[in-house]
Amino acid sequence: MLLLSGNKEKVVVVPIVGIGGLGKTTVAQLIYNDNKIQSHFDCTHWVCVSETFDPKVMVKNVLESITQQKVEDLALNTLKDLLHKHIKNKRLLLVLDDVWNEDTEKWVRFINIFSSGAAEGSRIVVTTRLRIVAKMTATEMIVPHELQGLSELESWSLFEKMAFKGGVAPGPRYIEIGKEVTRKCCGVPLAIRTMGGLLSFKDTESEWEAIREKQLLSLYFSGQDSEILAATLRLSYDNLPSQLKRCFAYCSLFPKDHRIDVKMLVQVWMAQGYIIKSGQFLLLEDVGVEHFKNLLWRSFFQEVTKDRYGNMKYCKMHDLMHDLAVTVAGMDTICLNAINLTDSLLSSGVVNLERIRHLSIDFENKWETRVWKIPTLLAKATRLRTFMIINVAVGGVKLEGRCEIFLNMTRLRVFGLGDAKMEVFSITFNKLKHLRYLDLSKNGVEILPNEITRMVNLQTLNLCLCEHLRLLPADLGKLYNLVFFYLDDCSSLTYLPAGICNLSFLRELSLFILTEAAAKNSRLAGLGELKSLNNLSGKLTIKGLELVKDKSEAAAANLKEKSQLQHLELWWSDDSNNMVARRCDHERSVLEALQPHPNLKELQLCYYGGTSVPTASCWFSSLMNLVRIELYCCGKLQSLPSLDPFVSLEELVLYNLESLAYVQGETVSSLPFSSLSSSNKDLQFLPSLKSLKITDCPNLIGWSLANMEESPLLPWVSTLEIESCPKMVTIPHFLINFKKVELMDVSSELLSVFGASLISPSLPPAHPRFHELCLQYVNDLPQGLMPQLTSLERLNIWFCSNLTTLSPSILRHLPSLKELHILSCEVLELEDYDYGDGNKGNDENDSVPPRFLPSLRCLVVQSVPKLVTLPNWLQFSSNLQQLDIDWCDNLKCLPSWLKKLTALESLGVFRCDILSRRCTSNTAEDWPIISHIPNIQVDSRHVQKEGCYLEMEEEEEEAEQEQEHEEEASSHTHISRYFTLASLVAVIPFL
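Residues numbered from 1 in each chain as written. Predicted model: local features only at pLDDT ≥ 70, side-chain atom pairs only at ≥ 80, totals over all residues. Heavy atoms only, no water.

(A) Molecular detail of the side chain of T137. Within the element layout of this structure, T137 appears in helix α6 (residues 131–137). Under the relative-accessibility criterion, T137 is labelled buried at 3%. One polar contact links the side chain of T137 to the main-chain carbonyl oxygen of A134, over a distance of 3.4 Å. Contacts of T137, omitting those with residues within four sequence positions, involve V13, P15, W107 and V126. (Helix = DSSP H or I, 4+ residues; strand = E, 2+ residues; numbered from the N terminus. Buried < 20%, exposed > 50% of the residue type's maximum accessible area, 1.4 Å probe, protein only. Polar contact = N/O pair within 3.5 Å; in protein donor to acceptor, adjacent residues only side chain to side chain. Contact = heavy atoms within 4.5 Å.)

The structure is reproduced here in structure tokens:
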């Protein structure tokens, strides 16, 4: 259904409908991640919708999914234009997960915005629990896919995996009980996983019998499948150990579909006292991680993502699990919407401030909440143990009103003011003596008051991205219970106070700064402060290493004993004058003394002044667990040690190494490519490497002194960036399986060598894939570059000021090319296809040459002054859908053969004075050539939209209507949120 063509609609919507917990999202994920799907669509994006469905919010969320960054809260028309810029004429797959909206008008407005930008063949998959939503969203002639429960055999197979260790039952009675329990789950995967996870912690037959009886009793009072599922989930909760019940209920503080930071979650559990030391685990946070894994196994959490080291980073809760958390938490724990949280609401009695224990304020990433007035009635919430703000929009929120009201919250354990943009603290911290978790990240504070050291119970202090922070408390060492101390990106901080060594429970210290004054001032921290902190884990950045006097001072840091440290950054001064004066042998000896533990996963050396790094005789080659190495601005570095030992290395970054000539020196101990057989080619040098980035290495000649035939093979590299390496002429061999390759300011010889280095894969995936090639600041496109690029899908040629020609003989090697972008190439000429005898084929009746760029859908030409006419080969790219011409003043008119491009859906002409005038209305000279194109924009004016010609008055009226819709939607959203909140809070006691 997703791959088939033939539907008359440009964008086809395929709904998946079923009750909660049936696996709609899982099915959508399987579709989304399928290799055929990924290769069929130009791009795929996923958006979680839930209860809020506002067209403007939806467009913004889709944009954020595409760009992978926060988008400002702009007007709908502006967001629409941005969306179209990203999706224009691309065949897209968009998944809208968990849609509840029954408003047809809102859906039609969103689908029209999306459809007007996407290419024909795009698909939207909608998951919903409501049949009415499935019917409303489904494209005509598309039958919604109604998901059925698992068969009895499938249900039992899933239950076995969850309930029995190794999938083997300890006895026949367990099988009998298990099958009965499974049948009562009605084929719902979430219920089966939950019950299986619950029983996996029960060891005896009697315990299994008891669970079965409780299940039968709870289901006796249930009717519909949804009620049966709710009863099953509640039974699983009821059988949790008491400490896990509290941990789970606490998660009702996060709104639905919220991406929960696992590390932060464990820290707030610790702060609330929900985690008790176990004999098996010495540290509270380790017990907390086990609690999380326990709940995860029982399916209370899902969609766990991990970082590059394998640590659990984020998770989500299923909507039904979130509903359960809200129910069991009761009125003690509540998440309120910031827009509606006013004194008026609080005075209405909807929220019992004197009873509430845990409160979170959800800002929903809304731009209109950049300033938030603190309700004065919050002062009545004197029993609060948690107060935190979440989902703050880009740029933060400024708190207005009396911050002193927080002084009444003397029982606070968790205080989260991240993104609050506070410049001066008006809070007297010495009254918050029970506080254990304090998040002040992304604030504008310059000085952290010394009174904060009176909070002796503090376990977590987060000061990340406090860019103006200059001073920390002198008595910081009095925070004896501190476990997590985050100082990432505190760029104004120049030293740490002495006493860090007293923090014996410290597990994470993200930044340690040395200062020259430390040698004379005992109140400033030196490297010796780190000596006994051997439980440090996560990331540690040490700055100011040029100030270390000798090897013994460096060795005092005792890094080799810190076995749990995963990421180490070592920084010397970035002062270039200072770099010249520094002694190479001294810096090498300091680096030798800073030997880390072999368990280290990531190493960065920044502004290191040695000519080499410690070799096999020292410690560098012993770090066999490294997954990432970055050498940054090490101007004197002339050689690297052998990279052979790093079998786990996934990313290698070399940046601004001015003295480096070869990456691997004179020898490569791995087998050269020429000696590899077809069976072992992908088992050799750096077998795990996925990303290679080499930037600003002006004297780098190549990978090694070996010739090209003896270069190694890097089989799994999918991202390759080589920039500003003008002398580089040799590189390793690569299998053609690239996501993106960027070659910037490199020689023509390297371009040819790159083409020759590419090898078609012989093992799965057998077909080569090359998504994007970006060429910048290159002077020539050699013939040797293109023959191996038959699978290339997108080609960018940018800022090539000396590139003179782009000929058909080069482009003919690119049958898979879908997008061609040419930008700022001042002397570039797009050559015509030559029929011979001087015939350039510019007559629309000329015969057709062999198929030329048959897959091309998008051509963008910007700032190419020597473009006088469109190249004639373009008329034979019959699948072209988008043509944008920008700032090409010498292009005076469009060729008559443009009428032959019947698939063309969009034409944009920008900042081309003469050409713009020839296209700007239905009476202009070139209108007969372009009138068949459904969407035409000339500069800021939409001349034709979806096949309808727009007079100037119509265009202005359409813009006004969009503005009215936007204002009306915003008003309805605020009103509905108020009543939804009031209704929810009112019924919680009766659930």
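Having put the structure on the table, let's press on.
(B) Local environment of the side chain of S122. Its place among the elements puts S122 in strand β4 (residues 122–128). Within polar-contact distance, the side chain of S122 engages the backbone oxygen of K90 at 3.3 Å. Excluding its chain neighbours within four sequence positions, the residues that come into contact with S122 are K10, V11, V12, F41, K90, R91 and L92.

(C) Looking closely at the pattern of salt bridges. If you walk through the whole model with that rule in mind, you get 39 salt bridges. Where K60 meets E64, a salt bridge forms, and the shortest distance between an N and an O atom there is 3.2 Å. Taken together, the residues span about one helical turn, with K60 and E64 both in helix α3 (residues 55–67) at a distance of 4 residues. Comparing K60 with E64, the two get one shared label, buried. Ionic pairing is found between R173 and E209, a salt bridge with its closest N-O pair at 2.3 Å. (Salt bridge = Lys/Arg side-chain N within 4 Å of Asp/Glu carboxyl O.)

(D) Representation of the sheet that holds strand β8 (residues 312–316). Taken together, the 3 strands give an open sheet; going across it, the order is β6-β8-β7, and neighbouring strands pair in antiparallel fashion. Here the strands that pair on one side only, and so sit at the sheet edges, are β6 (260–261) and β7 (302–306). Bridging between β7 and β8 involves 3 bridges; their strand directions are antiparallel. Looking across to β8, one finds that T305 is bridged to Y314. (Pairing = 2+ DSSP bridges.)

(E) Summary view of the sheet that holds strand β28 (residues 733–735). Strands sit in the order β26-β28-β30 across an open sheet of 3 strands; the sheet is parallel. Of all the strands in the sheet, just β26 (713–714) and β30 (758–759) have a single pairing partner and so form its edges.

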